[in-house]
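Fold and contact review
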Amino acid sequence: MRVAVIGQGYVGLTGAVALTHQGHQVTGIEQDPDRLRALREGRAPVFEPGLPEQLTAAGATGRLRFTDSVTESHRRTPFDIVLVTVGTPPSADGSADLTQVDAVLEEVLRLLPAPCVVLKSTVPPGTSAMLAETHPGLRERFAYNPEFLNQGSALEDWAVPARIVAGTWSESGLEALRELYAGVSAPWVATTPSGAEMIKYASNAFLATKISFANEVAGMCCGPDIDIDHVMQGVGFDPRIGHAFLQPGLGYGDSCLPKDTNALAHWAGTEGLATPLLRATIAVNDAQAGLAIQILRTELGAGLGDGPGDDLADGLADAEIAVLGVRYEPWSDDLRAAPSRTVVPALLGQGARVRVWDPGTDTGTTAGLFPGARAAASLPDAVEGAHAAVVLTEWPQAIEADWRGLAALLDEPRLVIDGKNCLSPEQMHDLPVRYRSVGTRLPPSAVHSGASRRADPRMEA
Ligand SMILES: NC(=O)c1ccc[n+]([C@@H]2O[C@H](COP(=O)([O-])OP(=O)(O)OC[C@H]3O[C@@H](n4cnc5c(N)ncnc54)[C@H](O)[C@@H]3O)[C@@H](O)[C@H]2O)c1
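Residues numbered from 1 in each chain as written. Predicted model: local features only at pLDDT ≥ 70, side-chain atom pairs only at ≥ 80, totals over all residues. Heavy atoms only, no water.

Right, let's talk about the side chain of Asn145 for a bit. Its location among the elements puts Asn145 in the loop between β6 (142–144) and α7 (154–159). A polar atom in the side chain of Asn145 sits 2.6 Å from the side chain of Tyr181. (Helix = DSSP H or I, 4+ residues; strand = E, 2+ residues; numbered from the N terminus. Polar contact = N/O pair within 3.5 Å; in protein donor to acceptor, adjacent residues only side chain to side chain.)

Let us now look at the packing of helix α1 (residues 10–21) against helix α3 (residues 51–60). Remark: α1 packs on α3, axes separated minimally by 9 Å, with the N-to-C direction vectors making an angle of 45°. Regarding the angle of α1 to α3, the classification is oblique. Read as a crossing pair, α1 and α3 show a hand that is left-handed. For the pair α1 and α3, the contacting residues are Leu13, Thr14, Val17, Thr20 and His21 in the first and Leu51, Gln54, Leu55, Ala57 and Ala58 in the second. When grouped by side-chain class, the residues that make up the contact of α1 with α3 number six nonpolar, four polar and no charged. (Axes fitted to C-alpha atoms, helices over the stretch in contact; angles between N-to-C directions. Parallel < 35°, antiparallel > 145°, perpendicular 65-115°, else oblique. Left-handed = near helix turned anticlockwise from the far one by under 90°. Contact = heavy atoms within 4.5 Å. Nonpolar A, V, L, I, M, F, W, Y, C, P; charged D, E, K, R; others polar.)

Within a sheet, neighbouring strands are paired by backbone hydrogen bonds and run either parallel or antiparallel to one another. Read across the open sheet, the six strands follow the order β11-β10-β9-β12-β13-β14; overall the sheet is parallel. Single-partner strands in this sheet number two, and they are β11 (374–375) and β14 (434–437). Looking at chain direction, strand β13 (residues 415–418) and β14 are connected through four bridges and run parallel. Paired with Asp418 across the two strands is Ser437, which belongs to β14. (Pairing = 2+ DSSP bridges.)

This part covers the confidence of the model for the protein. Averaged over the protein, the pLDDT score is 92; the fraction of residues at 70 or greater is 94%. In this model, residues 305–313 is a region of pLDDT below 50 whose contacts with residues beyond four sequence positions or in other chains number 17 contacts. (pLDDT = per-residue confidence, 0-100.)

What follows deals with the state of the cysteines. Counted under the stated rule, the structure contains zero disulfides. Note on Cys422: no disulfide assigned, nearest cysteine sulfur contributed by Cys221 at a separation of 18 Å. (Disulfide = S-S within 2.5 Å.)

With that out of the way, let us pick up the site of the ligand. The local shell around the ligand holds 27 residues, among which Glu30, Arg35, Thr88, Lys259 and Arg336 are the closest. One nitrogen or oxygen atom from the main chain of Gln31 is found 3.3 Å from a nitrogen atom belonging to the ligand. Its free accessible area being 830 Å², the ligand has 90% of it covered by the protein chains. When contributions to the shell around the ligand are tallied by element, the ones reaching two or more residues are α1 and α5 (99–109). Along the lines of polarity and charge, the residues of the shell around the ligand split into eight nonpolar, twelve polar and seven charged. (Near = heavy atom within 4 Å. Areas by Shrake-Rupley, 256 points an atom, 1.4 Å probe, with all protein chains shown as cover.)

Time to look at the environment of Phe237. With respect to the helices, strands and loops of the structure, Phe237 is situated in the loop between α10 (228–236) and α11 (257–270). Taking C-alpha positions, Phe237 is 36 Å from Leu177, a pair spaced 60 residues apart along the chain.

Counting buried positions along strand β1 (residues 2–6) gives five out of five residues, so the element sits mostly inside the fold. Here β1 pairs with strand β2 (residues 25–29) via five bridges, running parallel. Residue pairing across strands places Val5 opposite Gly28, the latter belonging to β2. You can see the chain leave β1, run along α1 and come back into β2, and the turn it takes is right-handed. With four bridges connecting them, β1 and strand β4 (residues 81–84) associate as parallel partners. Residue pairing in the sheet places Val5 in a bridge with Leu83 of β4. (Buried < 20%, exposed > 50% of the residue type's maximum accessible area, 1.4 Å probe, protein only. Right-handed = clockwise from strand over helix to strand, strands pointing away.)

We now examine the packing of aromatic side chains. Going through the model one piece at a time under the given rule, you end up with two aromatic pairs. Geometrically, the ring pair formed by Tyr181 and Trp188 is edge-to-face, given 6.2 Å between the ring centres and 75° between the ring planes. Looking at Tyr181, the relative accessible area reads 5%, which means it is buried. For Trp188, a relative accessible area of 26% gives the class partly exposed. The lysine or arginine in question, Arg139, covers the ring of Trp169, its NZ or CZ lying 4.7 Å from the ring centre. (Phe/Tyr/Trp six-rings, centres within 6.5 Å; stacked < 30°, edge-to-face > 60°. Lys NZ or Arg CZ within 6 Å of the ring centre and 35° of its normal.)

Attention now moves to the sheet that holds β6. If you trace the eight strands from one edge of the open sheet to the other, you get β3-β2-β1-β4-β5-β6-β7-β8, paired in mixed fashion. Only two strands of the sheet have a single partner each, and these edge strands are β3 (64–67) and β8 (188–191). Taken pair by pair, the neighbouring strands of this sheet meet at an average axis angle of 20°, ignoring direction. Pairing of β2 with β3 involves four bridges; the strand directions are parallel. If you follow Gly28 over to β3, its bridge partner there is Phe66.

Turning our attention to the domain arrangement of the protein. In terms of domains, the protein is made up of domain 1 (2–191) and domain 2 (287–459). Of the residues lining the interface, six residues belong to domain 1; the matching set on domain 2 comes to eight residues. Both sides of the domain 1 and domain 2 interface together cover about 520 Å² of buried area, and 43% of this is carbon and sulfur. Per-residue buried area on domain 1 facing domain 2 is highest for Tyr10, Phe47 and Gln151; these three make up 83% of the total on that side. Our count for the contact surface shared by domain 1 and domain 2 stands at zero salt bridges. Here domain 1 and domain 2 share five residue pairs in polar contact (both at pLDDT 80 or more) between them. (Domains from an automatic or database assignment. Buried area = accessible area lost by both parts, 1.4 Å probe. Salt bridge = Lys/Arg side-chain N within 4 Å of Asp/Glu carboxyl O.)

Here we come to the nonpolar core. Core analysis: the biggest nonpolar cluster contains 41 residues, and Ile6 and Val70 have the highest contact counts within it. At the level of elements, β1, β4, α5, β5 (116–119), β6, α9 (193–220), α11 and α12 (276–288) are the ones that each hand at least two residues to this core. Here the element with the most residues in this core is α11; it accounts for six residues. Setting aside residues up to four positions removed in sequence, Val70 forms contacts with Ala4, Ile6, Ile29, Phe79, Glu107, Val108 and Leu111. Counting 35 residues, the second-largest nonpolar core is a separate cluster that includes Val3, Leu55, Leu149 and Ala176. (Core = buried A, V, L, I, M, F, W, Y, C linked by side-chain atoms within 4.5 Å.)

If you want it as structure tokens, here you go:
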């Protein structure tokens, strides 16, 4: 098939590459001149494991090209199918901003009846139906086909999707999707476009709910003899539950879960629908980013002043804080909703002096993201002289670091907040640091010998 993919971000570019490898003739359409230039030079403008190699291989087939105009490209040789993969970022009120989608569809609808239009961007239920009301001919040439890829395994998710959701009104729409995904083995869910739009939001809302649930349980694992890791391991082995998305932390912070949960709640609100569970999920998540600040205030208040909270009752003035990790996950450079974006400004706002280290983000980008903070060149550079280190990303470089050496560089009270529960509790409890995680994590010795009910191992210096 001759395929256009409009919007060469995480979804569109990985899709263009994957569809080329499937044998299609693909044109990636991108309006951002810097992204387009990079693509034409064979460079991937977004980070995704394996993408540079796969992009080169796809380019070598001669079936992948990039341009900035779907209309001109279509005029030269008509497309069979046009995929829309532009962004739907959050608006200030939490709703999905459909400006990019509207602009693209306006252009693409002028190309009808030739290509089939496949909308993949995440949009609120009813969006496609509203479009069809104003463009009745669209019903025969349209599919809403949500994308479920995970950043970090996006190419694999395109090649072997967990499911293909086909929201169509017509046999011809469904047939176009079947041809697009010929050779891809996955269960199909054929439904209406509105149903498909709801499937996408409901999936992300459920994943977000799992994370908020794990965080709420972590909050209950605050005694010295309930280990949150053991609890979630035990819960997740139930095949009805599974281990995915049960890791506690400082809240979900990839680019999709915060925006999609908020957009769904906003949409339900405008429809007059009650969503108490979804709203609770969001509320737990919003509070979770504040946990690091809360621990810092409690622990540093006692550690820096003459007594608990003396110096820092109104903030974190005089505190030197090392933030270890800008990214939400090491395998994605998508920083749109990373917890660092909330935590670092909050620390600065409370008067702390902040150094930020991230081995996957250059110091210029880090400095630009966090005016007022210092971009540290290395882990020791970040930690030296800091009262506390806050781990926000499970970087292997942080997990495997010489924490004995780093502990020696920290200043009293040598607090380490593990916002990803990724450091070894055994190692951390053995060091002269105050180790705090999200919920209690016990060293194996405490489990086997039976920990005291009174002493909280997280607080041991
Ligand atoms: N990123 C993910 O992990 C993921 C996963 C599943 C679904 N989604 C959804 O897929 C959609 C795309 O997400 P993304 O992360 O790839 O977004 P993105 O912001 O990374 O990419 C969108 C791209 O579209 C380009 N664009 C915008 N308007 C254009 C136009 N008129 N012509 C050509 N190019 C245009 C932008 O310049 C940008 O490069 C969103 O709705 C998102 O919610 C994202």
